[in-house]
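Given next are the chains, with one letter for each unit.
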Number of protein chains: 2
Amino acid sequence: MNLIILFEQDFTQDDTVKLEGRRLEHVLSVHKAEVGQTLKVGLLNGKIGIGLITHLSKDMLCMKIELLKEPPKPLESQLILAMPRPKVFARILQTVTALGVKKIFVIKTWRVQKSYWNSPVLSEEKLRDNMILGLEQAKDTILPEVRIVKLFKPFVEDEISEIIKDTIPFVAHPIADKQCPYNINKPTTVAIGPEGGFIEYEIDMLIKYGFIPVSFGDRILKVETAIPYIYGKLY
Amino acid sequence: MNLIILFEQDFTQDDTVKLEGRRLEHVLSVHKAEVGQTLKVGLLNGKIGIGLITHLSKDMLCMKIELLKEPPKPLESQLILAMPRPKVFARILQTVTALGVKKIFVIKTWRVQKSYWNSPVLSEEKLRDNMILGLEQAKDTILPEVRIVKLFKPFVEDEISEIIKDTIPFVAHPIADKQCPYNINKPTTVAIGPEGGFIEYEIDMLIKYGFIPVSFGDRILKVETAIPYIYGKLY
């Protein structure tokens, strides 16, 4: 927790918060902070700043808050991600949030198991919890927007053109001829398939709608490795 | 398992292997293969090729092996990694192996908990198991070399100059002025600190011995995200 995310309901006055639960535990056990010290804080979807500890006990942490500056710039990319195994997805959502992606489409493809859609990890509450963990890691405050898309074909046919407008759309594809470019400095859309990849029909359809297939060489990477790897190249 | 790694002891004849256990399970449950089909195989530290299934039952998989070509090129980088939490380390070792790093120094720094060194994840057997998983993922066969270094100061003072010779040595450091370069196309050494980072004394010492501190911007990334991110940029 490199930044403590604050919510509107934490505020008891304009500049004063009272925290309990997970954040209090963390401050006690990891930061090992004391009254008079300051901690890095950020208001969800707002500015970041510092919190001066005015009270700290095992039941409650009170801070006087000063919000000073804007959160880091978002990554200029939206991610289209085939739904991974739920346990892996939780970690990936944290990672993607930490990297600064602000729009994430979680989609069904042929090789995505139907059972994944019943996982509690896709509940609004869990999505939010995992994104908060990513924000805390990266010292960001802006919650990404997640959309769950359970039908591939109408998503591509009816919506994708509008979604990728004004971006360069890439699809990660291990057997593509073209290598992923570096330091692109432009908005992108990045599509990443499931373990096992997109099927040919899906790749063909994405290409038809303008996606550029790019590879990383001979090595097949896990989705959770491929995402930071491709964003390392692009930005 | 995108490639089945074979060991010398799997061979019953020059070109025939008999497999049981984990690899057999995987072929039955994930590949759902049948007699007459071929699977991608690779001999540990040797060539990759195909295995023609000649027998498959719940007790045994037999294949006729043809080894055809060299494994993918290694990544021209050695990694110096502060020991992470053991559970995370297992995953990171798989990732680093999949990325193609062939030399890994796992080191003690100030912020590494002493208890980590007692973890079974650092046993030769577990190190090897996790690296094999990485090789299977990336369709590689060359096992990396791992060295465990429990004292930071003598490692830097007595050995680091020789280790980084003929490489460009970088240390990931969130507050560095210089951004990590792209597509460097030269051998590198990359040093990554623990969660919480290197302490100032450690960074200063690495700089003194020639390391270039580089950052990724304002965001603090987890070690497991930072590694593919930096290698995405460098190669």
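Residues numbered from 1 in each chain as written. Chains lettered and ligands numbered in written order. Predicted model: local features only at pLDDT ≥ 70, side-chain atom pairs only at ≥ 80, totals over all residues. Heavy atoms only, no water.

(A) Structural view of the sheet that holds strand 9 (residues 145–149) of chain A. Residues and elements named next belong to chain A. With parallel pairing, 6 strands are arranged side by side in an open sheet as 9-8-7-11-10-12. Looking along the sheet, the strands with just one partner apiece sit at the ends: strand 9 and strand 12 (212–214). With strand direction ignored, the average angle separating the axes of adjacent strands in the sheet is 20 degrees. For strand 8 (residues 103–107) and strand 9, the ladder comprises 5 bridges, and the chain directions are parallel. Counted as the bridge partner of Ile104 is Val146 from strand 9. (Pairing = 2+ DSSP bridges. Helix = DSSP H or I, 4+ residues; strand = E, 2+ residues; numbered from the N terminus. Axes fitted to C-alpha atoms, helices over the stretch in contact; angles between N-to-C directions.)

(B) Region of interest: the pattern of salt bridges. All names here are of chain A. Under the definition given, this model contains 20 salt bridges over all chains. As a salt-bridge pair, Asp10 and Arg23 come within 2.7 Å of each other at their nearest N and O atoms. Of this pair, Asp10 sits in the loop between strand 1 (4–6) and strand 2 (11–13) while Arg23 sits in helix 1 (residues 21–31), placing them 13 residues apart in sequence. With respect to class, Asp10 is no different from Arg23; both count as buried. (Salt bridge = Lys/Arg side-chain N within 4 Å of Asp/Glu carboxyl O. Buried < 20%, exposed > 50% of the residue type's maximum accessible area, 1.4 Å probe, protein only.)

(C) Seen up close, the domain arrangement of chain A. Residues and elements named next belong to chain A. In terms of domain boundaries, chain A breaks down into domain 1 (4–69) and domain 2 (77–234). The C-alpha centroid of domain 2 is placed 33 Å from the C-alpha centroid of domain 1. Listed per partner, the contact involves 11 residues of domain 1 and 10 residues of domain 2. Buried surface at the junction of domain 1 and domain 2, summed over both partners, amounts to about 830 Å²; 59% is from carbon and sulfur atoms. (Domains from an automatic or database assignment. Contact = heavy atoms within 4.5 Å. Buried area = accessible area lost by both parts, 1.4 Å probe.)

(D) Structural context of the interface of chain A and chain B. Between chain A and chain B, the contact holds 30 residues from the first and 30 residues from the second. Interface area, chain A with chain B, both sides summed: about 2500 Å², of which 53% is carbon and sulfur. Remark: the boundary between chain A and chain B carries 2 salt bridges. The partner of Asp140 of chain B in a salt bridge is Arg219 of chain A, and the shortest N-O contact between them spans 3.0 Å. At the junction of chain A and chain B, the tally comes to 15 residue pairs in polar contact (both at pLDDT 80 or more). Put simply, the parts of the chain that give the side of chain A that touches chain B at least two residues each are helix 2 (86–99), helix 3 (124–138) and helix 6 (223–234) of chain A. Residues of the side of chain A that touches chain B, tallied by class, amount to 12 nonpolar, 9 polar and 9 charged. (Polar contact = N/O pair within 3.5 Å; in protein donor to acceptor, adjacent residues only side chain to side chain. Nonpolar A, V, L, I, M, F, W, Y, C, P; charged D, E, K, R; others polar.)

(E) Expanded view of the packing of helix 2 (residues 86–99) of chain B against helix 3 (residues 124–138) of chain B. Residue and element names in this part refer to chain B. Packing of helix 2 against helix 3 leaves a shortest axis separation of 7 Å and a crossing angle of 45 degrees. The angle between helix 2 and helix 3 places the two elements in the oblique class. As helix 2 packs across helix 3, the resulting crossing turns out to be right-handed. On helix 3, the residues that touch Phe89, Ala90, Leu93, Gln94, Thr97 and Ala98 of helix 2 are Leu127, Asn130, Met131, Leu133, Gly134, Leu135, Gln137 and Ala138. (Parallel < 35°, antiparallel > 145°, perpendicular 65-115°, else oblique. Left-handed = near helix turned anticlockwise from the far one by under 90°.)

(F) Spatial organisation of the relation of the copies chain A and chain B. For the match of chain A to chain B, the screw axis carries a shift of 0.0 Å, the RMSD comes to 0.0 Å, and the turn is 180 degrees. One copy is carried onto the other by what is essentially a two-fold rotation axis. Most of the interface of chain A is mirrored in chain B: 100% of its interface residues are interface residues there too. (Least-squares fit on C-alpha atoms with pLDDT ≥ 70 in both.)

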